[in-house]
Amino acid sequence: DSADDTSTIDNGESELPSVDANQPAEEVVEERPASPQAIPNRDEPMPISDGLYIATTYVGDRSAIALDVKEIKERLKVGDVDEAEFTYKHGRNSKFFDINGLPTGDLRSIRDFSVDSASTMLSDPTYNIFLHGLADQNVEFMGSPASLYADTFITSLLYSKTAAASDAMVAVSIWMQVAHSLHLSYAACKDSFLSSDSRELKPIKDPSLFVDEAAAYWIGDSQDTGSASEGHLLYALTEFISSKYEDIPEESQSSINTRVLGLFNKAKNHLAITQGCTTSKDSHLSLREIVNELIPVMAVPLLRSLFYYISIEDSLMVKVYAVAVLPLFSACASSTYRELKSELIDHDIYEFEKAYLYSKIESMFSCIGVTCDEVGFMPEDDFTRCTTTASLNSLAGYRYGSNKEKVTKRAHIDVDMRKIDILMTNGIAHHSGVDGGTDKLFTAAFEVYKYGTSPSVQDSLVNLAKDTGREIVPVFESFKRYYQFEANYADQMITKAFRGQDVFQEASFDDRRRVINFVLQYMVPHMAILQQLYTSMDTCKTQRKSGSALALDLAAASYVGSLEGKSDGGSFDGSLLYGFAMRMCVHFGTCTVKYNARANERIISLFYSAQGEAEAGACDALGKTVKKIESTMLVPLIQGTIFVANENVDGVGYYPEGFVLAQAILPIIHDADQNAAAEIKGAMVEGFPDPDISAVAQPAKVFRAVQAAIAKLDGINCNDVGTIHGSNFCPGATYDNFSPAVGARVATLIQIATLGVIVYFLG
């Protein structure tokens, strides 16, 4: 039972009905309620367990999986592991029915949820985040393919003869099946549209069935309202753990179950109103928003359980719930996630540093869309109370005072970028052997780019890349001219890379992935930052102080991102321009004594100046500060272009990165010096993805072109760029066509070791 506190078969008392250990397993099986020979009318509403949810379709076969869990718990309680394992592997109560409503003779099993996941869940964002979070360098988990992580983990618990196996079946396997059903509902909804040609409805599965299915797997059979003991699936688990966090009135239910069921009903009602998403081609977007809101709420009882078992120092149950929920954070701060995974999943925990573990997990709450208030705290254990850091309005030490919700949303653009990369990488690493597997994962990643993963599709990256507000930026005209008056130049590059069009027709999946990542991380935010900076100037002139302050904070959020964390100087987990500047400063000798990039420290200082100027209504001074930020932001992009040009000489193969970095600055270089722009383009853009090696192997041309352009750019001092291989980019410096890149890498690694941090060459 999810209400059990027991971790092994022979410790503690169970809340389950007692079972005679001498009673043969066959006699227990005979007491099972008989299933109907045929299902009722599929179109008749079906109440699930005491009417907790009214399904629009018959899903009694799905909710019956709860009876399997019940029997497995009973068998494990009396030590009958063989019978429990048989039910887990082959099923007992959840029948399959044919189109006529008659049983086929096949049974649904909990194990099947996991072993079939590599094909059934291939395109699911949630499942893929778990794969990413649990897979080792060999794409395995506990020595088996990572795609089988749930079965591998549960089987190991059954082998150990622990009652925790049944908890893992619910928290790890069935929880993911609920998420899968929700993703299926969205996919069916999206495909249920009227053809623009024939105006005929395409034959697609009913999305309502999948919402009902998700509810059935959440609630299950034999569940009473608000009961932790009369029930066996996630609803019961939620009631049990919520009793540790909430005062739940008699005959009522927890706030989390209320929210989950409310969102199930919201999804069901949306599908009813839109006739299964057939009334509008955009109907699926509203359902996507509901699903994106629901899955984080579903994670709350798992987080609560993890903290509860940490509090009572039950190492086995801590591992169960760590496997069940921690991988959701693998798209967040990577160093923090790796530390927690090592301590709570990869190894057995014996020393419980409760406050430290909680603070680490809490620091990533916003990344998955939950808050401290939602998770709550256990009154009897203070370590689960929100820390002061949780309420700190900070981005790598930059303190902001405007609308926290809007700034947080903007800062989290890097999380969607990380999820896009996870989907593409999984397509290459996990699913390349599946027919069309990589294509499907790229399509799923494209969906995240277009619609995002937040409860509002308006926060998507495509809206950032195509924002018409960019017209306020003076240099935007230069970008449009350079890209043949294509205002959505970054979006076009991303879209073609996803679809394998134009120059990307011959590019490998990995080359396309790397181009998409760099355009998202550097080209898109660059113009978004400028848009907010110039918006702050515009609002200053209209004497709207709050609007100007918000625009500046949104610019800072687009520069720093959320993955750098809140502490001064960031964390090296970031993937936006702030993090890129930190990586490049190591190579160019432009790091400060605080191990940050000089460019970063200057930009953060300028943001503070801008805030003061906006508050004082000093619009002319604000305009000058904005220009300084704009110029300084070019430094890491120029450094990156130079670095890649040099690295490619040794055949390192940073062609996709160079292809993007060069084009991020070429419109500006072209305005300053057309010849310099042509030299850079010839060495780093033309011929992609298979450039002329003789053109690529001439970094001196790029160095000289950059040197010539810098001298003509306003606001950039050649010393700001720093030096590489002992040469700077000031007038008079000369470069030879040789590449001491290997020696430079060794020197870089020595410097990194001195700094005491791990830095990837390009992130």
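As the structure is a computational prediction, the values presented were derived from the model and not from experiment.

About the thresholds
Residues numbered from 1 in each chain as written. Predicted model: local features only at pLDDT ≥ 70, side-chain atom pairs only at ≥ 80, totals over all residues. Heavy atoms only, no water. Helix = DSSP H or I, 4+ residues; strand = E, 2+ residues; numbered from the N terminus. Buried < 20%, exposed > 50% of the residue type's maximum accessible area, 1.4 Å probe, protein only. Contact = heavy atoms within 4.5 Å. Areas by Shrake-Rupley, 256 points an atom, 1.4 Å probe, with all protein chains shown as cover. Polar contact = N/O pair within 3.5 Å; in protein donor to acceptor, adjacent residues only side chain to side chain. Salt bridge = Lys/Arg side-chain N within 4 Å of Asp/Glu carboxyl O. Pairing = 2+ DSSP bridges. Disulfide = S-S within 2.5 Å. Arc of directions from axis to C-beta. Core = buried A, V, L, I, M, F, W, Y, C linked by side-chain atoms within 4.5 Å. Phe/Tyr/Trp six-rings, centres within 6.5 Å; stacked < 30°, edge-to-face > 60°. pLDDT = per-residue confidence, 0-100. Axes fitted to C-alpha atoms, helices over the stretch in contact; angles between N-to-C directions. Parallel < 35°, antiparallel > 145°, perpendicular 65-115°, else oblique. Nonpolar A, V, L, I, M, F, W, Y, C, P; charged D, E, K, R; others polar.

**Some words on the overall build of the chain**
Thought 1: From N to C terminus, the chain includes 35 helices and eight strands.
Thought 2: Residue burial in the chain is summarised as follows: out of 763 residues, 58% are buried.
Thought 3: When contacts within the chain are restricted to residue pairs at least 6 apart in sequence, long-range pairs at least 24 apart make up 67% of them.
Thought 4: Working note: accessible area of the chain is about 30300 Å², and carbon and sulfur atoms make up 49% of it.

**Considerations on unusual backbone geometry**
Leaving glycine aside, a negative phi is the common case for residues, and trans is the common case for peptide bonds.
Thought 1: With omega at 10 degrees, the peptide bond leading from F688 into P689 counts as cis.
Thought 2: Note that P689 resides in the loop between helix 31 (674-684) and helix 32 (693-696).
Thought 3: A positive phi angle is found at A396, which is not glycine, with a value near 50 degrees.
Thought 4: The residue A396 is located in the loop between strand 7 (394-395) and strand 8 (398-399) in this model.

**Considerations on the side chain of S117**
Thought 1: By secondary structure assignment, the location of S117 is in helix 6 (residues 117-120).
Thought 2: Residue S117 is classed as buried on the basis of its relative accessible area, which comes to 3%.
Thought 3: Here S114 takes part through its backbone oxygen, which lies 2.6 Å from a polar atom of the side chain of S117.
Thought 4: Within the local environment of S117, its side chain forms a polar contact with the backbone oxygen of S147, the two atoms lying 3.0 Å apart.

**Some words on the pattern of salt bridges**
Any two side chains of opposite charge can pair, so long as their charged atoms come close to each other.
Thought 1: What the rule picks out here adds up to 30 salt bridges.
Thought 2: We note a salt bridge from E657 to R514, for which the minimum N-O separation is 2.8 Å. Separated by 143 residues along the polypeptide, E657 in helix 30 (residues 655-672) and R514 in helix 25 (residues 509-541) bring together distant segments of the chain.
Thought 3: For R514, a relative accessible area of 16% gives the class buried.
Thought 4: A salt bridge links K712 to D673; the shortest N-O distance between them is 2.8 Å. Taken as a pair, K712 in the loop between helix 33 (699-710) and helix 34 (718-721) and D673 in the loop between helix 30 and helix 31 lie far apart in primary sequence, 39 residues in all.
Thought 5: Connected through salt bridges with shared partners, the residues D421, D510, D511, R513, R514 and E657 form a single ionic network.

**Focus: the pairing of strand 3 (residues 94-97)**
Thought 1: Relative to strand 4 (residues 103-108), strand 3 is paired through three bridges, and the arrangement is antiparallel. Within strand 4, the residue paired with K95 across the bridge is L107.
Thought 2: Between the end of strand 3 and the start of strand 4, which pair antiparallel, lie five residues, with G101 showing a positive phi angle near 85 degrees.

**Observations regarding the state of the cysteines**
Thought 1: On inspection of all chains with the given rule, the structure shows five disulfides.
Thought 2: Between the sulfur atoms of C718 and its disulfide mate C730 the distance is 1.9 Å. Since a negative S-S torsion denotes a left-handed disulfide, the C718-C730 link at about 90 degrees is right-handed. Here the residue C718 occupies a position in helix 34, and C730 occupies one in the loop between helix 34 and helix 35 (741-755), the gap between them amounting to twelve residues. Neither C718 nor C730 differs from the other in exposure class; each is buried.
Thought 3: Sequence-ordered numbering of the disulfide-bonded cysteines in the chain gives the connectivity 1-2, 3-4, 5-8, 6-7, 9-10.

**Describing helix 19 (residues 404-411)**
Thought 1: What helix 19 keeps buried is the set V407, R410 and A411. Along the axis of helix 19, the buried residues cluster in a sector spanning 100 degrees; they form a single face.
Thought 2: Buried residues along helix 19 sit against strand 7, helix 20 (413-429), helix 22 (461-465), helix 25 and helix 26 (545-560).
Thought 3: By the N-cap criterion, in which a side-chain oxygen at the helix start approaches the backbone nitrogen of a residue two or three places on, helix 19 is capped by N403, the distance to E405 being 3.1 Å.

**Digging into the nonpolar core**
Generally speaking, soluble globular proteins have nonpolar side chains that are buried together.
Thought 1: Of all hydrophobic cores here, the largest spans 125 residues; its most connected members are I420, Y449, F498 and F729.
Thought 2: Setting aside residues up to four positions removed in sequence, I420 forms contacts with A445, V448, Y449, L461, F498, I516 and L520.
Thought 3: M46, V69, A135 and A299 belong to the second largest nonpolar core, which has 118 residues in total.

**A word on the packing of aromatic side chains**
Thought 1: Per the counting criterion, the structure on display carries 32 aromatic pairs.
Thought 2: Ring centres of F130 and W175 lie 6.1 Å apart, and the angle between their planes is 40 degrees; this geometry places the pair in the tilted category. With F130 in helix 7 (residues 125-134) and W175 in helix 9 (residues 164-191), this pair connects stretches of sequence that are 45 residues apart.
Thought 3: Overall, W175 belongs to the buried group, its relative accessible area being 1%.
Thought 4: Centre to centre, the rings of Y308 and Y309 are 4.9 Å apart; their planes meet at 70 degrees, and the pair counts as edge-to-face.

**A word on the environment of S546**
Thought 1: Within the secondary structure, S546 is located in helix 26.
Thought 2: Judged by its relative accessible area of 60%, S546 falls in the exposed class.
Thought 3: Measuring from C-alpha to C-alpha, the distance between S546 and N403 comes to 9.1 Å, with 143 residues separating the pair along the chain.

**Digging into the confidence of the model for the chain**
Thought 1: Taken residue by residue, the chain gives an average pLDDT of 88. The fraction at 70 or more is 88%.
Thought 2: The weakest mean pLDDT in the chain belongs to helix 1 (residues 25-30) at 37; the strongest belongs to helix 24 (residues 489-499) at 98.
Thought 3: Long-range and interchain partners of residues 1-36, a stretch whose pLDDT sits below 50, account for 72 contacts in this model, where long-range means more than four residues apart.
Thought 4: Here residues 194-203 scores under 50 on pLDDT; set against residues more than four positions off or in separate chains, the count is eleven contacts.

**Regarding the side chain of S49**
Thought 1: One can find S49 in the loop between strand 1 (46-48) and strand 2 (53-55).
Thought 2: Among the residues examined, S49 registers a relative accessible area of 12% and is labelled buried.
Thought 3: Within the structure, S49 has its side chain in polar contact with the backbone oxygen of G220 (distance 2.4 Å).
Thought 4: Residues in contact with S49, not counting those within four places in the same chain, are I219, G220, D221, S222 and Q223.

**Quick word on the packing of helix 25 against helix 29 (residues 619-647)**
Packed helices, taken two at a time, are described by the angle their axes make and the gap between the axes.
Thought 1: Relative orientation of the contacting elements helix 25 and helix 29 amounts to 175 degrees, with a least axis distance of 9 Å. Considering their axes alone, helix 25 and helix 29 lie roughly antiparallel with respect to each other. Listed contacts from helix 29 to Y522, H526, I529, L530, L533, Y534, S536, M537, C540 and K541 of helix 25 are C619, L622, G623, V626, K627, I629, E630, M633, L634 and L637.
Thought 2: For the contact of helix 25 with helix 29, a count of residues per class yields 14 nonpolar, three polar and three charged.

**Comments concerning the environment of A322**
Thought 1: Mapped onto the secondary structure, A322 falls in helix 14 (residues 315-325).
Thought 2: Counting along the chain gives 19 residues from A322 to L303, while the straight-line C-alpha distance between them is 8.4 Å.
Thought 3: Other than its neighbours up to four places away in sequence, A322 contacts L306, P327, L344 and I345.

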